[in-house]
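Chain by chain, the residues:
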Amino acid sequence: MSKFESSIKQIPYSQQAVYAMLSDLGNIEKVRDRIPEDKIRDFRFDRDTIAVTAPPVGELRLRIVERDEPKCIKFATEQSPIPFDLWIQVLPVTDTTSKMKLTIKAELNPFIKGMVQGPLKEGVEKIADALAAIRYE
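Residues numbered from 1 in each chain as written. Predicted model: local features only at pLDDT ≥ 70, side-chain atom pairs only at ≥ 80, totals over all residues. Heavy atoms only, no water.

Among the nonpolar cores identified, the biggest contains 34 residues, and Met100 and Tyr136 are the most heavily contacted of them. Of all the secondary-structure elements, those providing two or more residues to this core are helix H1 (15-22), strand E4 (49-54), strand E5 (58-68), strand E6 (72-79), strand E7 (84-92), strand E8 (98-106) and helix H2 (110-132). Per element, the largest residue contribution to this core is six residues, and it comes from H2. Other than its neighbours up to four places away in sequence, Tyr136 contacts Ile11, Tyr13, Ala17, Val18, Met21, Leu22, Met100 and Leu131. (Core = buried A, V, L, I, M, F, W, Y, C linked by side-chain atoms within 4.5 Å. Buried < 20%, exposed > 50% of the residue type's maximum accessible area, 1.4 Å probe, protein only. Helix = DSSP H or I, 4+ residues; strand = E, 2+ residues; numbered from the N terminus. Contact = heavy atoms within 4.5 Å.)

See the structure below:
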């Protein structure tokens, strides 16, 4: 099992506010304008699933498989060239601030790992940066 972790992101909102926003994927509508349309197409979501077409990868579809309020949201791939799990962990720092870390775990053979290790690490960091920039109010 290969594991890729983002750096820890400081967020100027409470743990509960961050969890409430991210645990319902329907809230993505509030930040849809920040999604780079040149990199992602056919963006669809509902409360529990998110699907995008990301050239050259193709369609990716993730589903929330576990919610551990207010500290963790776990996703699993429903469609992906490389099956993986994604965790979003949110921990309190103070009553009004929190910190977040993303983790991807995937079963990768050595050949595939060599090809996707860099893009996965970069991808998890970019997703963490984007989530840290959201206004959770």
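Resuming the write-up.
On the secondary structure map, Glu78 appears in strand E6. Judged by its relative accessible area of 40%, Glu78 falls in the partly exposed class. For the pair Glu78 and Arg63, spaced 15 residues apart in sequence, the C-alpha separation works out to 6.7 Å. For Glu78, the contacting residues outside a window of four places in its chain are Thr49, Arg61, Leu62 and Arg63. Polar side-chain contacts of Glu78 include one of 2.5 Å to the side chain of Arg63. (Polar contact = N/O pair within 3.5 Å; in protein donor to acceptor, adjacent residues only side chain to side chain.)

In this section: the pairing of E6. The side chains of a regular strand alternate, first on one face of the sheet and then on the other. Looking at chain direction, E5 and E6 are connected through seven bridges and run antiparallel. If you follow Leu62 over to E6, its bridge partner there is Thr77. The antiparallel pairing of E5 with E6 creates a hairpin that spans three residues between the two strands. In terms of strand pairing, E6 meets E7 through five bridges, oriented antiparallel. Note that in E7 the partner of Lys74 across the bridge is Trp87. Where E6 folds back on E7, the antiparallel hairpin that results is connected by four residues. (Pairing = 2+ DSSP bridges.)

So, about H2. With 23 residues, H2 extends 32 Å between its outermost C-alpha atoms, agreeing within 8% with the 33 Å of an ideal straight helix rising 1.5 Å per residue. At Val116, H2 is bent by approximately 50°, the largest bend along its length, and proline Pro119 sits one to four residues beyond. Those residues of H2 not exposed but buried are Val116, Leu120, Val124, Glu125, Ala128, Leu131 and Ala132. Considering only its buried residues, H2 is in contact with strand E1 (2-5), strand E2 (9-11), H1, E7 and E8. With a side-chain oxygen lying 3.0 Å from the backbone nitrogen of Phe111, the N-terminal cap of H2 falls on Asn109. (Expected span 1.5 Å × (residues − 1). Bend = angle between axes of the 7 residues up to and from the residue.)

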